[in-house]
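# Chains, contacts and geometry: an overview
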Amino acid sequence: MNIHVVNHPLVQHKLGLLREGDISTMKFRQLTQELARLLAYEATRDFELEATTIDGWCGKIDIQQIKGKKVTVVPILRAGIGMLDGVLDLVPSAKISVVGLARNEETLEPVSYFEKFVDSLDERIAIIIDPMLATGGSMVATIELLKRKGCKQIKAVVMVAAPEGVKVVNDAHPDVQLYAASLDSHLNENGYIIPGLGDAGDKIFGTKHA
Ligand SMILES: O=P(O)(O)OC[C@H]1O[C@H](OP(=O)(O)OP(=O)(O)O)[C@H](O)[C@@H]1O
Ligand SMILES: O=c1cc[nH]c(=O)[nH]1
Ligand SMILES: [Mg+2]
């Protein structure tokens, strides 16, 4: 299975806290931001550097800077918004493209309701963010929208992934690199990740039901 599971102690500790059954909206949101920041750190690890010379305090000095490529962060609505500020903390100049998808609760198919992309996607690295990769339907739909717009380099950062969804994404788009805090056990009969987090969108937005 082609997925990079980030085993850093901070990531695993925060993920454990996130799994608490009756977690508050505030705590879930805060931990989601913190995890997003740590996962973004890993997902940007292979960004290319180039040498350049600047005027330092003691004269010319050689420094390293990230090479040319521009970044677009792509939150999948709604839940992906919960990770956005954490990722932008590390890539503050990134432009934001938005994809609105909601899973039909019976068919589990993603239903599209919004999309707005930044320009020059053929020159950008796209970092898709969504807390949950379950059947993989929403992720594949987003990757396909980006590729149709010319995007050639795509990474996807999720907090929790199910093996079923990872396989679907790997099979359809083997070029897309996946990053997660956990590869969980399986999906239940309602398409929820086990042990998972429950409904991440509801928990981030405070619409969670009893
Ligand atoms: O891998 P999949 O089976 O497609 O499921 C994952 C999707 O489901 C959730 O969103 P949801 O549709 O609940 O919408 P929300 O973010 O508005 O809560 C989640 O945030 C993903 O986008
Ligand atoms: O477990 C899941 C599956 C889909 N969406 C969620 O928010 N959680
Ligand atoms: Mg969604």
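Please refer to the structure placed before this passage.
Numbering of residues starts from 1 in every chain and runs along the sequence as written. Chains carry letters and ligands carry numbers; both start at the beginning, A for chains and 1 for ligands, and go up in the order they are written. Reporting of local features is limited, given that this is a predicted model, to residues whose pLDDT is at least 70; pairs of side-chain atoms are given and counted only at 80 or more, and all residues count toward the totals for whole chains, interfaces and linings. Each side-chain value is derived from all of the structure's non-hydrogen atoms; neither hydrogens nor water enter the calculation.

### Notes on the nonpolar core
- If you look at the biggest cluster of nonpolar residues, it comprises 38 residues, and the most contacted ones within it are Leu18, Val73, Ile129, Val157, Met159 and Leu197.
- Those elements that provide at least two residues to this core are helix H1 (9-18), helix H2 (25-43), strand S4 (70-77), helix H3 (81-90), strand S8 (124-129), strand S10 (153-161), strand S11 (177-183) and helix H6 (200-205).
- Only runs of H or I of at least four residues qualify as helices and only runs of E of at least two qualify as strands under DSSP, and these elements are numbered from the N terminus. Per-element tally for this core: the top contributor is H2, with 7 residues.
- Setting aside residues up to four positions removed in sequence, Val157 forms contacts with Leu39, Ala43, Met83, Ile127, Ile128, Ile129, Asp130 and Tyr179.
- Remark: nonpolar core denotes a set of buried residues (Ala, Val, Leu, Ile, Met, Phe, Trp, Tyr, Cys) joined through side-chain atoms within 4.5 Å. Only protein chains enter the accessibility calculation, which uses a 1.4 Å probe; a residue whose area is less than 20% of its type maximum is buried, one above 50% is exposed, and one in between is partly exposed. With 26 residues, the next largest nonpolar core counts Ile3, Ile76, Leu101 and Ala180 among its residues. In what follows, a contact means two residues having at least one pair of non-hydrogen atoms within 4.5 Å.

### A few points about the site of ligand 1
- Residues are classed as near a molecule or strand on a simple rule: at least one heavy atom within 4 Å of it. Near ligand 1 lie 16 residues; those nearest to it are Arg103, Asp130, Ala134, Thr135 and Ser138.
- Between ligand 1 and Ser138, the relevant distance is 2.6 Å, taken from an oxygen atom to a side-chain nitrogen or oxygen of the residue.
- Coverage of ligand 1 by the protein amounts to 91% of the 500 Å² it exposes when considered alone.
- Contributing elements (two or more residues each) for the shell around ligand 1: strand S6 (98-103), strand S9 (132-133) and helix H4 (137-148).
- It is S6 that contributes the most residues to the shell around ligand 1, 3 residues altogether.
- Each residue is assigned to one of three groups, with Ala, Val, Leu, Ile, Met, Phe, Trp, Tyr, Cys and Pro labelled nonpolar, Asp, Glu, Lys and Arg labelled charged, and all others, Gly among them, labelled polar. Across the shell around ligand 1, the residue classes break down as 7 nonpolar, 5 polar and 4 charged. A 3.5 Å cut-off defines polar contacts: any pair of N or O atoms within that distance qualifies, except that in protein one atom must be a possible hydrogen donor and the other a possible acceptor, and neighbouring residues in sequence count only when both atoms are side-chain atoms. Only the protein chains shown count as cover for residues, and all accessible areas are computed by the Shrake-Rupley method using a 1.4 Å probe.

### Quick look at H1
- Residues of H1 that are buried include every one of Val11, Lys14, Leu15 and Leu18, and no others. All buried residues of H1 project into a common sector of 105 degrees when viewed along the axis, lining one side. More than 90 degrees from the buried face of H1, the exposed residues found are Pro9 and His13. What the arc covers is the set of directions going from the helix axis to the C-beta atoms.

### A word on the pairing of S10
- Across the 9 residues of S10, 8 count as buried, placing the element largely inside the fold.
- A pair of strands is labelled paired if DSSP reports no fewer than 2 bridges between them. Alignment of S8 against S10, held across 5 bridges, turns out to be parallel. Of the residues in S10, the one forming a bridge with Ile129 is Val157.
- Where S9 lies against S10, 2 bridges are found, and the strand directions are parallel. Along S10, the bridge assignment pairs Leu133 with Ala161.
- Viewed with both strands pointing away, a crossover whose connecting path from the first strand over the helix to the second turns clockwise is right-handed. Following the chain from S9 across H4 to the adjacent parallel S10, one finds a crossover that is right-handed.
- Alignment of S10 against S11, held across 6 bridges, turns out to be parallel. From the neighbouring strand, Val157 faces S11, where its bridge partner is Tyr179.
- The handedness of the S10 to S11 crossover, carried by helix H5 (residues 163-172), is right-handed.

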